[in-house]
Amino acid sequence: MTTAIIISFCILLLIAYIFDLTSSRTRIPSVILLLFLGWGVKQLSELIEIPIPDLTPLLPGLGTIGLILIVLEGSLELEFDKSKIPLIRKSFVVAFLPIFGLAFLLAWLFTWFYAYPFKDSLLNVIPFVVISSAIAIPSVKVQQQETKEFIIYESSFSDILGILFFNFIAFNKTITGLSFAWFGLDLLIMAAISFISILGLSLLLSKIDHHIKFAPIILLLILIYEATKIYNLPALLFILLFGLFLGNLDALKRFRFIEKLKPDELDQEVHKFKELISEGTFLVRAVFFLLFGYLMKTSEILNEDTILWALLIVAVIFIIRYVLLKLFSLPLRPILFIAPRGLITILLFLSILPEKSIPVVNKSLIIQVIILTALLMMIGLMLPNKNNLPVEEEVIKEATEPV
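Because the structure is predicted, anything quoted here is derived from the model rather than measured. Within every chain, residues take consecutive numbers counted from 1 along the sequence as written. Selection of residues for local features in this predicted model requires a pLDDT of at least 70, selection of side-chain atom pairs for listing and counting requires 80 or more, and totals for whole chains, interfaces and linings are taken over all residues. Excluding hydrogens and water, the side-chain values take into account all heavy atoms of the structure.

Peer 1: Got a minute to help me understand the nonpolar core in this structure?
Peer 2: Soluble globular proteins tend to bury their nonpolar side chains together. Here the nonpolar core consists of buried residues drawn from Ala, Val, Leu, Ile, Met, Phe, Trp, Tyr and Cys, with membership extended through side-chain atoms lying within 4.5 Å. Here's how the labels work: a residue is buried when its accessible area is under 20% of the maximum for its type, exposed when over 50%, partly exposed in between, all with a 1.4 Å probe on protein chains only. Counting 129 residues, the largest nonpolar core has Leu67, Phe128, Phe238, Phe242, Phe273 and Phe289 as the members making the most contacts within it. Ranked by residue count, the leading element in this core is helix H13 (residues 263–295), at 15 residues. To qualify as a helix, a DSSP run of H or I must reach at least 4 residues; to qualify as a strand, a run of E must reach at least 2; elements of each kind are numbered from the N terminus.

Written out as structure tokens, the structure reads:
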């Protein structure tokens, strides 16, 4: 039995790897294939009556580790300099406005239709307003650099702002001026913790001579993330800043204290660290979405009671996104379509206390919104766009153009 489980697990991950390899050509997001592969495994296991224990408790832990690795992987690839400030500003605003505008609109609709308490409605709709960096970032790996950078910044900001917003609503029984004061203090504390932790971890990375040096760094990252979460601090901000710091050592060499880290030698270690993070991210992401697909039920996917709400939510998401992209003169394709919901949506949904949940926001609605936004992203990536060709097509075009 153990041998069969190991063999099955290896085969599933190899199939996931094939999905990842082919997604740049097929334009089919690997997350859709992983979800339906997991769902197919569930149908097969039931058909041949293989007893499998309840795996639901594994989802939050896998999702948290996956979120950390995905944001870290994306931030390590970002180049930060003065020329990037307009792009960062636009990506922040495009991430910020939909989170609050969409959340209050959906909360008002649920309150109006079902007479739920507005605060409970607001808490329950926040999972729908956050872009999933776990799906968005891997999907733009072969896009042009500017598009890729915008999506990485936007989805990372969306994750951070969404979690901050969720925690603010969840942990404040009443919203007062004092609540905002404490919230501002939390941000300042997290900024200080991030600064100290980043310098400490970077120094550790540059000083460790043992052949095992990256595992302790990753474990400390997860430890700091979870420890700061206990106090409701914006822990994901630390992960984003840590990745930006390591990924931009060359731009920071002018600061004296950076010299103590031996940036030239550290840069070589960072390159190896990036490779390890990419490998780990793939494995954790694949296992998470396979598991979530396995836990999906056919009745939840085809639930007629929630499909109209799912279609309405998705329509509002993309209408607001269209308006903002036009307002900031950003290219509609493919950016308009890259607004998937996924890992962070699931994590926030699972974090809602039973007494605060509302019946209309259930697993069926979550699954339908995730699948619909992923399908729209797939369509958007498949549409031809000569002004924003994927990297490999851009290279081919330049090579075949006459001099």
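Peer 1: Help me understand the packing of aromatic side chains in this model?
Peer 2: How two aromatic rings sit relative to each other is set out by the distance from centre to centre and by the angle between their planes. We call Phe, Tyr and Trp rings a pair once their centres come within 6.5 Å, taking the six-membered ring for Trp, and we label the pair stacked below 30 degrees between planes, edge-to-face above 60, and tilted otherwise. Counted according to the given criterion, the structure contains 22 aromatic pairs. Between Tyr17 and Phe282 the ring centres are 5.9 Å apart and the planes differ by 75°, which places this aromatic pair in the edge-to-face class. Taken together, the positions of Tyr17 in helix H1 (residues 2–26) and Phe282 in helix H13 put the pair 265 residues apart, joining distant regions of the chain. Residue classification places Tyr17 among the partly exposed positions, given a relative accessible area of 42%.

Peer 1: Which parts of the structure should I look at to understand the pattern of salt bridges?
Peer 2: Side-chain pairs of opposite charge can arise where the charged atoms are in close proximity. We define a salt bridge as a side-chain nitrogen of Lys or Arg found within 4 Å of a carboxyl oxygen belonging to Asp or Glu. What the rule picks out here adds up to seven salt bridges. Among the salt bridges present, the one from Glu226 reaches Lys229, with a minimum N-O distance of 3.8 Å. You can see Glu226 and its partner Lys229 sitting in helix H9 (residues 214–230), three residues apart, about one turn around the helix. Of the residues examined, Glu226 reaches a relative accessible area of 32% and is grouped as partly exposed. Judged by its relative accessible area of 35%, Lys229 falls in the partly exposed class. Across the pair Lys363 and Glu300 runs a salt bridge whose closest N-O atoms are separated by 3.9 Å. Pair noted here: Lys363 is in helix H17 (residues 363–382) and Glu300 is in helix H14 (residues 298–301), with a separation of 63 residues, a long-range link. Salt bridges sharing partners connect three or more residues here, namely Lys213, Glu269 and Lys272.

Peer 1: Help me understand unusual backbone geometry, please; the structure alone is not making it clear to me.
Peer 2: Looking along the chain, the bond that leaves Arg333 and enters Pro334 is cis, with omega of 5°. A positive phi is found at Ala115, a non-glycine position, where the angle reads about 60°. Here Ala115 is to be found in the loop between helix H4 (85–114) and helix H5 (118–125).

Peer 1: Sorry, what's going on with a nonpolar patch on the surface here?
Peer 2: Only residues above 30% relative accessible area that lack a salt bridge enter a patch, with like-charged residues linked at up to 9 Å and the nonpolar side chains Val, Leu, Ile, Met, Phe, Trp and Tyr linked at up to 5 Å. All accessible areas in this document rest on Shrake-Rupley with a 1.4 Å probe, and a residue is counted as covered only by the protein chains that are shown. Taken together, the side chains of Phe104, Leu105, Trp108, Trp112, Phe113, Tyr114 and Phe118 present a nonpolar region at the surface, about 770 Å² in accessible area. Among the elements that make up the nonpolar patch, the one with the highest residue count is H4 (six residues). Tracing the sequence through the fold places Trp108 in helix H4.

Peer 1: Explain helix H8 (residues 177–207) to me, please; I cannot follow it from the model alone.
Peer 2: Given 3.6 residues to a turn, an α-helix orients residues that are three or four positions apart in the same direction. Given a helix with a known number of residues, its expected span is that number minus one, times 1.5 Å. Helix length check: H8, at 31 residues, gives a terminal C-alpha distance of 45 Å against a target of 45 Å (1.5 Å per residue), a fit within 8%. By definition, residues are in contact when any of their heavy atoms lie within 4.5 Å. Buried residues along H8 sit against helix H7 (145–171), H9, helix H10 (235–247) and H13.

Peer 1: Teacher, can you tell me more about the packing of H8 against H9 here?
Peer 2: Each pair of packed helices can be described by the angle between their axes along with the distance between the axes. Close contact between H8 and H9 brings their axes to 11 Å; oriented N to C, the two are set at 170°. Between H8 and H9, the crossing angle belongs to the class labelled roughly antiparallel. Where H8 approaches H9, its residues Met190, Ile193, Ser197, Leu201, Leu204 and Leu205 are matched on the opposing element by Phe214, Ile217, Leu220, Leu221, Ile224 and Thr228. In the contact of H8 with H9, the residues fall into 10 nonpolar, two polar and no charged. Angular values range over 0 to 180 degrees, each being the angle between N-to-C directions of two axes fitted as lines to C-alpha atoms, with helices fitted over their stretch in contact. In what follows, roughly perpendicular refers to angles from 65 to 115 degrees, roughly parallel to angles under 35, roughly antiparallel to angles over 145, and oblique to any angle outside these ranges. Classification used: nonpolar for Ala, Val, Leu, Ile, Met, Phe, Trp, Tyr, Cys and Pro, charged for Asp, Glu, Lys and Arg, polar for all others including Gly.

Peer 1: Could you clarify how one ought to interpret helix H2 (residues 30–47) in this entry?
Peer 2: Here H2 is 18 residues long and its end C-alpha atoms lie 25 Å apart, about the 26 Å a rise of 1.5 Å per residue gives. All buried positions along H2 are accounted for by Ser30, Val31, Ile32, Leu34, Leu35, Leu37, Gly38, Lys42 and Ser45. Downstream of H2 by one or two residues, Glu49 has phi in the positive range, about 60°.

Peer 1: Help me out: how do you make sense of the packing of helix H3 (residues 58–76) against helix H16 (residues 343–351) in this one?
Peer 2: Direction vectors running N to C along H3 and H16 enclose 140°, while the axes themselves pass 10 Å from each other. Here H3 is positioned oblique relative to H16, judged by the angle of their axes. In terms of crossing hand, the pair formed by H3 and H16 is left-handed. Of H16, the residues touching H3 (which contributes Leu59, Pro60, Gly63, Thr64, Leu67 and Ile70) are Leu343, Ile344, Leu347 and Leu350. Tallied by class, residues from the contact of H3 with H16 come to eight nonpolar, two polar and no charged. Less than a right angle of anticlockwise turn of the near helix away from the far helix marks a crossing as left-handed, whereas a clockwise turn marks it as right-handed.

Peer 1: Looking at this structure, I do not really get the environment of Phe238. What am I missing?
Peer 2: In this structure, Phe238 sits in helix H10. Since its relative accessible area comes to 0%, Phe238 is described here as buried. Here the alpha-carbon distance between Phe238 and Ile198, two residues 40 residues apart in the chain, equals 8.1 Å. Not counting residues within four places of it along the chain, the set of residues in contact with Phe238 comprises Met190, Ser194, Ser197, Ile198, Leu201, Leu221 and Ile224.

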